[in-house]
Amino acid sequence: MMADRLPHCAPDGDPAWIAGHAHVQRVPSRELTLFIQRGFLSAQECSGLIERIEAHRRPSTIADANGDGTFRTSETCDLDPSDPFIATIDAKLAAFAGIDPAYGEPIQGQRYAVGQEFKAHTDYFEPRGPDFARYCAVAGNRTWTLMVYLNEPAAGGATRFVKIGKTVQPETGKLLAWNNRRAPGDYNAASLHHGMKVRGGVKHVITKWFRERPWS
Ligand SMILES: O=C(O)CCC(=O)C(=O)O
Ligand SMILES: [Fe+2]
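Residues numbered from 1 in each chain as written. Chains lettered and ligands numbered in written order. Predicted model: local features only at pLDDT ≥ 70, side-chain atom pairs only at ≥ 80, totals over all residues.

*Asks:* Explain the site of ligand 1 to me, using residue names and the numbers behind them.
*Replies:* In the region of ligand 1, the neighbouring residues are Gln 110, Phe 118, Asp 123, Thr 159, His 193, Gly 195, Val 205 and Thr 207. Its residues placed into classes, the shell around ligand 1 shows two nonpolar, five polar and one charged. (Near = placed C-beta within 6 Å. Nonpolar A, V, L, I, M, F, W, Y, C, P; charged D, E, K, R; others polar.)

Written as structure tokens, this is what we have:
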């Protein structure tokens with residue numbers, strides 16, 4: 001059934017398209033459009049991504065410095081879009097969302113060791129924030145977020161959507177997809193989420209953000 005659907009390729013994500021994928025779950029919430037797909041990536045795909053993140057990580061950064069030096073303590077990796085393995089994963093993410101790949105930022109990897117976290121934040125840039133022009137002049141703000149857990153840390157590392165009271169546990173290959181907007185220009189504060197502290201082991205995820213206009 002799924003394989004017979006015509007590919008969807010639009011500037012914005014379409015919840016109806018995503019809801020039509022096999023085995024996708026929609027989190028019940030009136031405030032936030034949030035989907036979960038278990039087993040989106042295979043264990044083999046996840047380990048290929050972890051290998052690359054381990055090899056090329058750097059300290060993570062945030063936009064709109066807030067004076068809290070422990071706000072985002074993880075490491076980040078820019079995954080090379082010209083690597084054919086990465087390109088395949090990238091195409092799979094865009095196809096899931098039904099968004100034209102041109103609107104996507106390059107995939108990033110995130111790595112959290114014990115004690116590291118990304119405190120509650122939104123993925124869209126604050127339109128009145130000091131860094132807005134720098135981050136959003138060309139491609140506009142972030143629309144959809146797709147995130148995939150690449151492994152299961154021994155303890156901790158859940159993602160908590162604090163406004164809707166939903167906590168998602170890391171699980172190898174599990175995808176989360178949510179809409180950061182309620183409508184064009186209307187950024188959704190209910191998308192606030194916290195990458196909680198890892199308490200045992202290491203946590204790896206990839207993040208894929210789509211923009212309002214083509215990225216490149
Ligand atoms: O690691 C997580 O659970 C959340 C990651 C995240 O929110 C981000 O990278 O923007
Ligand atoms: Fe985030």
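From this point, the narrative continues.
*Asks:* Go over helix 2 (residues 43-56) with me, naming the residues and quoting the values.
*Replies:* Helix length check: helix 2, at 14 residues, gives a terminal C-alpha distance of 20 Å against a target of 20 Å (1.5 Å per residue), a fit within 8%. The complete set of buried residues in helix 2 reads Cys 46, Leu 49, Ile 50 and Ile 53. The buried residues of helix 2 occupy one face: seen down the axis, they fall within an arc of 105°. Residues of helix 2 that are exposed and point more than 90 degrees away from the buried face comprise Gln 44, Glu 51 and Ala 55. Those residues of helix 2 hidden inside the fold are in contact with strand 4 (75-78), strand 5 (108-112) and strand 16 (203-211). (Helix = DSSP H or I, 4+ residues; strand = E, 2+ residues; numbered from the N terminus. Expected span 1.5 Å × (residues − 1). Buried ≥ 20, exposed ≤ 12 C-beta atoms within 10 Å, placed from the backbone. Arc of directions from axis to C-beta. Contact = placed C-beta atoms within 7 Å.)

*Asks:* I'd like a description of the sheet that holds strand 14 (residues 193-195), backed by residues and values.
*Replies:* Overall, antiparallel pairing links the four strands, which are arranged 6-14-9-10 in an open sheet. Each edge of the open sheet carries a strand with a single partner, namely strand 6 (118-121) and strand 10 (166-168). Taking the axes of each pair of neighbouring strands and ignoring which way they run, one obtains an average angle of 10° across the sheet. Of the pairings in the sheet, the one linking strand 9 (residues 159-161) to strand 10 comprises three bridges and is antiparallel in character. If you follow Thr 159 over to strand 10, its bridge partner there is Val 168. (Pairing = 2+ DSSP bridges. Axes fitted to C-alpha atoms, helices over the stretch in contact; angles between N-to-C directions.)

*Asks:* How would you summarise the nonpolar core if you had to cite specific residues and measurements?
*Replies:* Among the nonpolar cores identified, the biggest contains 35 residues, and Ala 97, Leu 146, Val 148, Leu 150, Ala 177 and Ile 206 are the most heavily contacted of them. Those elements that place two or more of their residues in this core are strand 2 (34-37), helix 2, helix 3 (84-97), strand 7 (142-149), strand 11 (175-179) and strand 16. Among residues more than four places away in sequence, those in contact with Leu 150 are Cys 46, Leu 49, Ile 50, Thr 172, His 204, Val 205 and Ile 206. (Core = buried A, V, L, I, M, F, W, Y, C linked by C-beta atoms within 7 Å.)

*Asks:* Explain the UniProt feature "domain: Fe2OG dioxygenase" (unreviewed entry) in the protein to me, and be specific about the residues and the numbers.
*Replies:* UniProt marks residues 103-212 with the feature "domain: Fe2OG dioxygenase" (unreviewed entry), using the numbering shown here. Counting secondary structure, residues 103-212 comes out at 5% helix and 45% strand; the distance between its end C-alpha atoms is 7 Å. (UniProt positions renumbered as here; feature names shortened; annotations may be inferred.)

*Asks:* Report on the confidence of the model for the protein, specifying residues and quantitative values.
*Replies:* Confidence along the protein averages 96 in pLDDT terms, with 99% of residues attaining 70 or more. Predicted complex metrics record ipTM = 0.99 and pTM = 0.97. (pLDDT = per-residue confidence, 0-100.)

*Asks:* Explain the environment of Phe 35 to me, and be specific about the residues and the numbers.
*Replies:* Inspection of the secondary structure puts Phe 35 in strand 2. In this structure the C-alpha to C-alpha distance between Phe 35 and Val 24, which are eleven residues apart in sequence, comes to 6.8 Å. Those residues within four positions of Phe 35 in sequence are excluded, and the remaining contacts are Ile 18, Val 24, Gln 25, Arg 26 and Ala 177.

*Asks:* Any details on unusual backbone geometry? Residues and values, ideally.
*Replies:* Positive phi is not limited to glycine here, since His 23 has a value of about 65°. Counting through the fold element by element, His 23 comes out in the loop between helix 1 (15-19) and strand 1 (25-26). One non-glycine residue with positive phi stands out, namely Asp 64, at about 55°. Asp 64 sits in the partly exposed class, given 13 other C-beta atoms within 10 Å.

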